[in-house]
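# Fold and contact review
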Amino acid sequence: MADTDDGDSAPIGVFDSGVGGLTVLRAIRERLPRESLIYLGDTARLPYGTKSPRVVTRYAERSARVLVERGVKMLVIACNTATAEALPHLERVFAPLPVIGVVEPGAEAACARSRSGHMLVVATEGTVRSGAYRRAIEARRPGAVVHSAPCSLFVALAEEGWVDGPIVEAVARRYLEPELLEDPALDCVVLGCTHFPVLRDAIARVVGPAVELVDSAVTTARVVADRLRSRGMSAPRANAAALSLMATDAPTRFARAGAVFLGAAISEDEVEVVDL
Ligand code: DGL
């Protein structure tokens with residue numbers, strides 16, 4: 001259905017606790033330029049990563065519902081924490097709507113890139129506690145050695161727009177050096193939070209050139225494309241792709257910080273404020 005006049009022109013709904021999921025939206029937009037996209041950042045409730053699974057599940061369901069009410073044809077949970085804690089719940093609640101999470105694609109990217117099978121997952125406390133990455137990696141690569149480090153401060157740095165420089169590097173060093181020392185065979189760091197790819201350069205300097213950094217954005221975009229194609233739901237050839245941005249609070253901040261993640265300017269007027 002990828003290149004016909006038929007198909008489904010409804011938008012794809014993408015959500016995260018904040019602006020981090022825009023890294024995933026960006027990858028989807030690059031891969032599928034004809035698709036309309038609606039993004040919701042639950043900025044009123046950020047961060048999700050330090051909250052309990054019960055609360056994250058409730059917030060994720062509310063965020064997803066706003067998108068479902070706008071008629072989306074697919075939901076993308078562009079948040080590792082919400083994926084780790086709420087994916088099966090959202091699949092059940094919104095069935096038969098396809099729901100795509102970012103953990104499986106991230107695990108797939110890591111397993112494809114790691115040679116030694118020794119990997120470090122850096123993520124929020126909630127994602128680490130859930131063990132979702134460990135299970136997803138071990139299912140694909142039995143015998144893998146999976147370390148994990150909660151790096152909650154990275155979320156605050158990224159939301160603040162502090163994506164590089166000595167402070168980011170010092171924080172990265174504090175979180176990552178003990179892990180690197182503990183396992184010299186580590187050759188892959190999984191950026192298991194959608195806020196982290198913007199910190200890539202600082203993290204790369206800390207881990208050094210022998211360690212690959214992977215994230216789930218590009219692989220998630222591929223999974224989205226495959227799922228749409230296999231269900232005959234891709235946008236028709238002549239579709240005029242639209243992008244709508246929503247936040248649950250602080251649109252000025254969303255626009256400012258979001259531009260770094262989206263890789264394009266966002267005007268405050270483009271950001272609709274919604275309540276959950
Ligand atoms: N971007 C979210 C993730 O991928 C989490 C940030 C947060 O709200 O703590 O987990």
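Preceding block: the structure.
Every value quoted in this text rests on a predicted model; they were computed, and no experiment measured them.

Let us now look at the overall build of the protein chain. Helix and strand content of the protein chain: 11 helices and 10 strands. Against the 2.2 N^0.38 benchmark of 19 Å for 276 residues, the protein chain shows a C-alpha radius of gyration of 18 Å, consistent with a compact globule. The buried share of the protein chain, reckoned over its 276 residues, is 57%. Contacts in the protein chain between residues far apart in sequence, at least 24 positions, make up 79% of those at least 6 positions apart. Taken as a whole, the protein chain presents about 11300 Å² of accessible surface, with 52% of it coming from carbon and sulfur. Side-chain charges of the protein chain comprise 31 positive and 35 negative groups, with the mean position of each set lying 3 Å from the other.

Glancing now at the nonpolar core. With 58 residues, the main nonpolar core has L22 and I28 as its most contacted residues. In terms of residues, this core owes the most to one element, helix α10 (residues 217–230), which gives six residues. Not counting the four nearest positions on each side in its chain, L22 is found in contact with Y39, L245, F254, G258, F261, L262 and I266. Counting 24 residues, the second-largest nonpolar core is a separate cluster that includes F15, L67, L97 and M246.

By the criterion of burial, strand β1 (residues 12–16) is predominantly enclosed, with five of the five residues buried. Residues I12, V14 and D16 line one face of β1 and the alternating positions G13 and F15 line the opposite face, and both faces are buried. The pairing of β1 with strand β2 (residues 37–41) spans five bridges and is parallel. In the sheet register, D16 faces β2, and the bridge partner there is G41. Read from β1 through helix α1 (residues 22–31) to β2, the crossover connection turns out right-handed.

Attention shifts here to the site of the ligand. Near the ligand there are 14 residues, and of these S17, Y48, N80, T81 and H195 occur at the shortest range. Here G49 contributes a backbone N or O atom positioned 2.8 Å from an oxygen atom of the ligand. Contact between the ligand and H195: a nitrogen atom at 2.7 Å from a side-chain N or O atom of the residue. Protein contact buries 99% of the 300 Å² of open area that the ligand shows by itself. Residue composition of the shell around the ligand, grouped by class: six nonpolar, seven polar and one charged.

Pairing between β2 and strand β9 (residues 243–247): five bridges, direction parallel. Residue pairing across strands places L37 opposite L243, the latter belonging to β9. Judged from the three bridges that link them, β9 and strand β10 (residues 271–273) form a sheet pairing that is parallel. Bridge assignment links L245 to a residue of β10, and that residue is V271.

Turning to the packing of helix α2 (residues 53–69) against helix α3 (residues 80–94), a few remarks are in order. Where α2 contacts α3, the axes come no closer than 9 Å and their chain directions differ by 55 degrees. Relative to α3, the element α2 lies oblique. Between α2 and α3 lies a crossing of right-handed hand. In this structure, α2 contributes P53, V56, T57, A60, E61, A64, R65 and V68 to the contact, and α3 contributes T81, A82, E85, A86, H89, L90, V93 and F94. When grouped by side-chain class, the residues that make up the contact of α2 with α3 number 10 nonpolar, three polar and three charged.

This part takes up the packing of helix α4 (residues 103–113) against α10. Their axes nearest at 8 Å, the elements α4 and α10 cross at an angle of 120 degrees. By the criterion of interaxial angle, the relationship of α4 to α10 is oblique. The element α4 and its partner α10 pack so that their crossing is right-handed. Taken together, the residues of α10 that come into contact with α4 (itself represented by P105, E108 and A109) are T219, T220, R222 and V223.

Relative to the helices and strands, S36 is located in the loop between α1 and β2. Since its relative accessible area comes to 9%, S36 is described here as buried. Setting aside residues up to four positions removed in sequence, S36 forms contacts with S9, P11, I12, N239, A240, A241 and A242.

Parameters at a glance
Residues numbered from 1 in each chain as written. Predicted model: local features only at pLDDT ≥ 70, side-chain atom pairs only at ≥ 80, totals over all residues. Heavy atoms only, no water. Helix = DSSP H or I, 4+ residues; strand = E, 2+ residues; numbered from the N terminus. Rg over C-alpha atoms; globule rule 2.2 N^0.38 Å. Buried < 20%, exposed > 50% of the residue type's maximum accessible area, 1.4 Å probe, protein only. Contact = heavy atoms within 4.5 Å. Areas by Shrake-Rupley, 256 points an atom, 1.4 Å probe, with all protein chains shown as cover. Lys, Arg positive; Asp, Glu negative; His and termini not counted. Charge placed at Lys NZ, Arg CZ, Asp CG, Glu CD. Core = buried A, V, L, I, M, F, W, Y, C linked by side-chain atoms within 4.5 Å. Pairing = 2+ DSSP bridges. Right-handed = clockwise from strand over helix to strand, strands pointing away. Near = heavy atom within 4 Å. Polar contact = N/O pair within 3.5 Å; in protein donor to acceptor, adjacent residues only side chain to side chain. Nonpolar A, V, L, I, M, F, W, Y, C, P; charged D, E, K, R; others polar. Axes fitted to C-alpha atoms, helices over the stretch in contact; angles between N-to-C directions. Parallel < 35°, antiparallel > 145°, perpendicular 65-115°, else oblique. Left-handed = near helix turned anticlockwise from the far one by under 90°.

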